Amino acid sequence: TTDSSCTLLTSSPTTTTPTLSPTPCPGDYLEVHVLTDDYPDETSWTLTNECTGGIQQSVDTEHYQTPRSAKTDLYCIPQGQEYKFEILDDFNDGICCGEGEGRYRLKLNGDVVASGAEFGSSEVTTFGSCPPCSGDLVEIQVLTDNWPKDTAWTLMNKGTGQVEAFVAAGDYTVGNSENIHPYCLAQDQEYVFEITDEFEDGICCFEGDGSYQVSLNGEMVSSGGEFGSSDASTFGSKKKAKAPKESQGTGLFRSDGHS
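**Describing the pattern of salt bridges**
Then, number 1: Scanning the entire structure with this criterion turns up 2 salt bridges.
Then, number 2: Where Arg105 meets Glu31, a salt bridge forms, and the shortest distance between an N and an O atom there is 3.3 Å. Taken together, the residues span a long stretch of sequence, with Arg105 in strand β9 (residues 103-108) and Glu31 in strand β2 (residues 28-35) at a distance of 74 residues.
Then, number 3: The exposure class assigned to Arg105 is partly exposed, which follows from its relative accessible area of 25%.
Then, number 4: Asp38 is the partner of Arg68 in a salt bridge, and the nearest nitrogen-oxygen pair spans 2.5 Å. In this pair, Arg68 is assigned in the loop between β4 (55-59) and β5 (70-77) and Asp38 in the loop between β2 and β3 (43-49), connecting sequence segments 30 residues apart.
Then, number 5: By relative accessible area, which is 55% here, Arg68 ends up exposed.
Then, number 6: On the basis of relative accessible area, Asp38 is assigned to the partly exposed category, the value being 26%.

**Here we look at the state of the cysteines**
Then, number 1: This model, assessed by the stated rule, comprises 5 disulfides.
Then, number 2: Two residues, Cys96 and Cys97, share a disulfide whose sulfurs are 1.9 Å apart. One quick way to see it: the torsion about the S-S bond of Cys96 and Cys97 is about 80°, and its sign makes the bridge right-handed.
Then, number 3: Take the cysteines of the protein chain that form disulfides and number them in order along the sequence; they join up as 1-3, 2-6, 4-5, 7-8, 9-10.

**Brief notes about the pairing of β5**
Then, number 1: Taking burial as the measure, the 8 residues of β5 include 7 buried ones, the bulk of the element.
Then, number 2: Where β2 meets β5, 8 bridges bridge the pair, whose relative direction is antiparallel. By the bridge assignment for β5, His33 is matched with Thr72.

**A look at the environment of Glu86**
Then, number 1: Structurally, the position occupied by Glu86 is in strand β6 (residues 82-89).
Then, number 2: Using a relative accessible area of 15% as the deciding quantity, one classes Glu86 as buried.
Then, number 3: Separated by 37 residues in the primary sequence, Glu86 and Glu123 have C-alpha atoms spaced 5.6 Å apart.
Then, number 4: The residues touching Glu86, leaving out its near neighbours within four places in the chain, are Ser44, Trp45, Thr46, Ser122, Glu123 and Val124.
Then, number 5: Among the polar contacts listed, one links the side chain of Glu86 to the side chain of Ser122, at a separation of 3.4 Å.

**Brief notes about the confidence of the model for the protein chain**
Should pLDDT be low for a region, the predicted coordinates there are not to be read in detail.
Then, number 1: Averaged over the protein chain, the pLDDT score is 87; the fraction of residues at 70 or greater is 83%.
Then, number 2: Here residues 244-259 is modelled with pLDDT under 50, and outside its nearest four sequence neighbours on either side it reaches 41 contacts, counting other chains as well.

**With respect to the nonpolar core**
Then, number 1: Within the largest apolar cluster, 20 residues are counted, with the highest numbers of intra-cluster contacts made by Val138, Ile140, Trp153, Leu155, Phe193, Tyr212 and Phe235.
Then, number 2: Only β12 (136-143), β13 (151-157), β14 (163-167), β15 (178-185), β16 (190-197) and β17 (211-216) provide two or more residues apiece to this core.
Then, number 3: Those residues in contact with Phe193, other than ones at most four positions away along the chain, are Ile140, Trp153, Thr154, Leu155, Tyr212, Val214, Asp231, Ala232, Ser233 and Phe235.
Then, number 4: Counting residues in each nonpolar core, the second largest holds 19 residues, with Leu30, Val32, Tyr64 and Tyr75 among its members.

**Details of the side chain of Asn49**
Then, number 1: Tracing the sequence through the fold places Asn49 in strand β3.
Then, number 2: Within the local environment of Asn49, its side chain forms a polar contact with the side chain of Gln81, the two groups lying 3.2 Å apart.
Then, number 3: Setting aside anything within four residues of it in sequence, one finds Asn49 in contact with Gly54, Gln56, Gln81, Glu82 and Tyr83.

**Looking at unusual backbone geometry**
Then, number 1: A cis geometry characterises the amide bond from Cys96 onward to Cys97, with omega recorded as 20°.
Then, number 2: With respect to the element layout, Cys97 can be found in strand β7 (residues 96-97).
Then, number 3: Of note, the bond from Cys204 into Cys205 is cis; its omega dihedral lies within 30 degrees of zero at 15°.
Then, number 4: Position of Cys205 among the secondary structure elements: in the loop between β16 and β17.
Then, number 5: Unlike most non-glycine residues, Asn176 shows phi in positive territory, near 55°.
Then, number 6: Tracing the backbone through its elements, the reader meets Asn176 in the loop between β14 and β15.
Then, number 7: You will see that Asp188, though not glycine, has its phi angle at about 55°, which is positive.
Then, number 8: The topology assignment puts Asp188 in the loop between β15 and β16.
Then, number 9: By relative accessible area, Asp188 is classed as partly exposed at 37%.

What counts and what doesn't
Residues numbered from 1 in each chain as written. Predicted model: local features only at pLDDT ≥ 70, side-chain atom pairs only at ≥ 80, totals over all residues. Heavy atoms only, no water. Salt bridge = Lys/Arg side-chain N within 4 Å of Asp/Glu carboxyl O. Helix = DSSP H or I, 4+ residues; strand = E, 2+ residues; numbered from the N terminus. Buried < 20%, exposed > 50% of the residue type's maximum accessible area, 1.4 Å probe, protein only. Disulfide = S-S within 2.5 Å. Pairing = 2+ DSSP bridges. Contact = heavy atoms within 4.5 Å. Polar contact = N/O pair within 3.5 Å; in protein donor to acceptor, adjacent residues only side chain to side chain. pLDDT = per-residue confidence, 0-100. Core = buried A, V, L, I, M, F, W, Y, C linked by side-chain atoms within 4.5 Å.

Written as structure tokens, this is what we have:
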């Protein structure tokens, strides 16, 4: 799934360094270069905007088809953001060196920000930084259990009834992994956070040691992991909220980048 603000500029199957497309980019140029191993259809990756919690760009296992070949993709992505790049291998053996000499490299505006080759199921690199938040900074951290697709959550403005952010069941796909979602929202509001589990056994401690934590402006306001079908908490100001004409936050977000 691709965020609408991310533009694919060009794609090259060659090993040579590409020339940036003449298409003007109002943001940052990101170059993703991958040299595949003997099993290219095991490789995929995601680029998450850590400032909005949305997936900026991703490619699935159908993107790379030719063994031991290089492919370079160029994207125009929003400027001045923090990004998390995660590359995955379905067979849990990376892209080097048991089945070929694969490797990957990321460049942001020409500077290398991530590279690698030897890893297991995945490798993660974070780069960039988020701009200051002029409202309230709400951060939701979820450590998934062995069944991540069972987990979902919503963050709702109690005064307006507006859902500010959510993750749907099925959005988390990697078990026992940490997921951090920061949101810059309207100030002095009261919020309701609810986390649910489709199998009604929570995220701890029968099928892994999952947990969640919610913080407001750096202070923890809710946490847990052991529950049945759901767990909910209310935090923030009790001042009566007015529905804004235009959201001061980053809008409605979900982990697949839809807004």
